[in-house]
Amino acid sequence: MRIDIPEGQDPIPYVWGDMVPEIGAAASNFSLAVYAHTTLGLREFEAARLRVAQINGCAFCLDWRTERDGHKVEEGFADAVTQWRTTDAFDDRTRLAAEYAERYALDHLGLDEEFWARMTAHYSQAEIVELSMSIGSWLAFGRLNHVLGLDTVCALPKP
């Protein structure tokens, strides 16, 4: 870890709460809202989230699987996300979610009209905004935790 944690303190609440209480609480609420209030399907949500985790290298995020109503994505889903261009395990929306996450994280200036035509053919305007905010959350907070070395001790509370 790159941040000194006092003896007996849990690293995540200490860094996100005690060190920067106003910012940390707001960031935590935003992060939790992405999971608690999403309208996106589980597979497209997880395809985008896992692609960001793969790019960020966040150990916790790579290991985490979002659960909804007792369901998680199938075993091997993360491998399919890595192969989003060629996998036959994805429908168009799921493939686009993985592509958007990758391009958002690595080449946001390259999101051209052809890409947006495909996105708007499969996602509503509200879904695009929601997916954009979700990807932004995962990109920012996954990188924050990885850069500070918190990703090996991270545990998200249940929403």
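Here the structure is a predicted model, which is why all the values come from computation and not from measurement.

Rules of the game
- Residues numbered from 1 in each chain as written.
- Predicted model: local features only at pLDDT ≥ 70, side-chain atom pairs only at ≥ 80, totals over all residues.
- Heavy atoms only, no water.
- Helix = DSSP H or I, 4+ residues; strand = E, 2+ residues; numbered from the N terminus.
- Buried < 20%, exposed > 50% of the residue type's maximum accessible area, 1.4 Å probe, protein only.
- Expected span 1.5 Å × (residues − 1).
- Contact = heavy atoms within 4.5 Å.
- Core = buried A, V, L, I, M, F, W, Y, C linked by side-chain atoms within 4.5 Å.
- Salt bridge = Lys/Arg side-chain N within 4 Å of Asp/Glu carboxyl O.
- Axes fitted to C-alpha atoms, helices over the stretch in contact; angles between N-to-C directions.
- Parallel < 35°, antiparallel > 145°, perpendicular 65-115°, else oblique.
- Left-handed = near helix turned anticlockwise from the far one by under 90°.
- Polar contact = N/O pair within 3.5 Å; in protein donor to acceptor, adjacent residues only side chain to side chain.

> Any chance you could explain the overall build of the protein here in plain terms?
Check the secondary structure of the protein and you find eight helices and zero strands. Ordering the α and β elements of the protein from the N terminus gives α-α-α-α-α-α-α-α. Principal axes of the C-alpha set define a box for the protein whose edges measure 50 × 30 × 25 Å. Within the span of the protein, comprising 159 residues, buried residues form 42% of the whole.

> I'm lost on helix α3 (residues 42-56) in this one. Help?
Think of an α-helix as turning once every 3.6 residues; residues three or four places apart then point the same way. Taking 1.5 Å per residue, 15 residues should reach 21 Å; α3 reaches 21 Å between its end C-alpha atoms and fits that length. By the criterion of burial, α3 is predominantly enclosed, with 12 of the 15 residues buried. Within the sequence span of α3, burial applies to Leu-42, Glu-44, Phe-45, Glu-46, Ala-47, Ala-48, Arg-49, Leu-50, Arg-51, Val-52, Ala-53 and Asn-56. As for α3, its buried residues are in contact with α2 (21-36), α4 (59-63), α5 (77-82), α6 (92-106) and α8 (125-147). In the segment just after α3, Gly-57 is the residue with positive phi, at about 75°.

> Looking at this model, I keep getting lost on the nonpolar core. Mind explaining?
Across soluble globular proteins, nonpolar side chains show a tendency to be buried alongside one another. With 31 residues, the main nonpolar core has Met-119, Tyr-123, Leu-131, Ile-135 and Trp-138 as its most contacted residues. Elements with a contribution of two residues or more to this core: α2, α3, α5, α6, α7 (113-122) and α8. For Leu-131, the contacting residues outside a window of four places in its chain are Leu-40, Ala-48, Ala-97, Tyr-100, Met-119 and Tyr-123. Core analysis: the next-biggest nonpolar cluster, separate from the first, contains seven residues, Tyr-14, Val-15, Ala-27 and Leu-150 among them.

> Honestly, the pattern of salt bridges in this entry has me stumped. Any pointers?
Side-chain pairs of opposite charge can arise whenever the charged atoms involved come near each other. Counting across every chain of the model gives 10 salt bridges. Glu-102 is the salt-bridge partner of Arg-85, the closest N and O atoms lying 2.7 Å from each other. With Arg-85 in the loop between α5 and α6 and Glu-102 in helix α6, this residue pair connects regions lying 17 residues apart in the sequence. In this structure Arg-85 comes out as exposed when scored by relative accessible area, which is 54%.

> Looking at this structure, how should I read the packing of α2 against α8?
Helix-helix packing is characterised by the crossing angle of the two axes and by the distance between the axes. Where α2 contacts α8, the two axes come as close as 10 Å, and the packing angle between them is 130°. Between α2 and α8, the crossing angle belongs to the class labelled oblique. Viewed along their axes, α2 and α8 form a crossing whose handedness is left-handed. Between α2 and α8, the residues in contact are Ala-27, Phe-30, Ser-31, Val-34 and Tyr-35 and Met-133, Ser-134, Ser-137, Trp-138 and Phe-141, respectively.

> I'm lost on the environment of Tyr-123 in this one. Help?
Tracing the backbone through its elements, the reader meets Tyr-123 in the loop between α7 and α8. Take Tyr-123: its relative accessible area is 3%, and that puts it in the buried class. As for Tyr-123 and Leu-40, which are separated by 83 residues in sequence, their C-alpha atoms are 9.7 Å apart. Not counting residues within four places of it along the chain, the set of residues in contact with Tyr-123 comprises Leu-40, Glu-44, Arg-93, Thr-94, Leu-96, Ala-97, Ile-128 and Leu-131. At 2.6 Å, the side chain of Tyr-123 forms a polar contact with the backbone oxygen of Arg-93.

> Which parts of the structure should I look at to understand the side chain of Thr-38?
As for its position among the elements, Thr-38 is in the loop between α2 and α3. Residue class for Thr-38 comes out buried when judged on its relative accessible area of 17%. At 3.1 Å, the side chain of Thr-38 and the backbone nitrogen of Leu-40 are in polar contact. Engagement of the side chain of Thr-38 in a polar contact is seen with the side chain of Glu-130, the distance being 2.5 Å.

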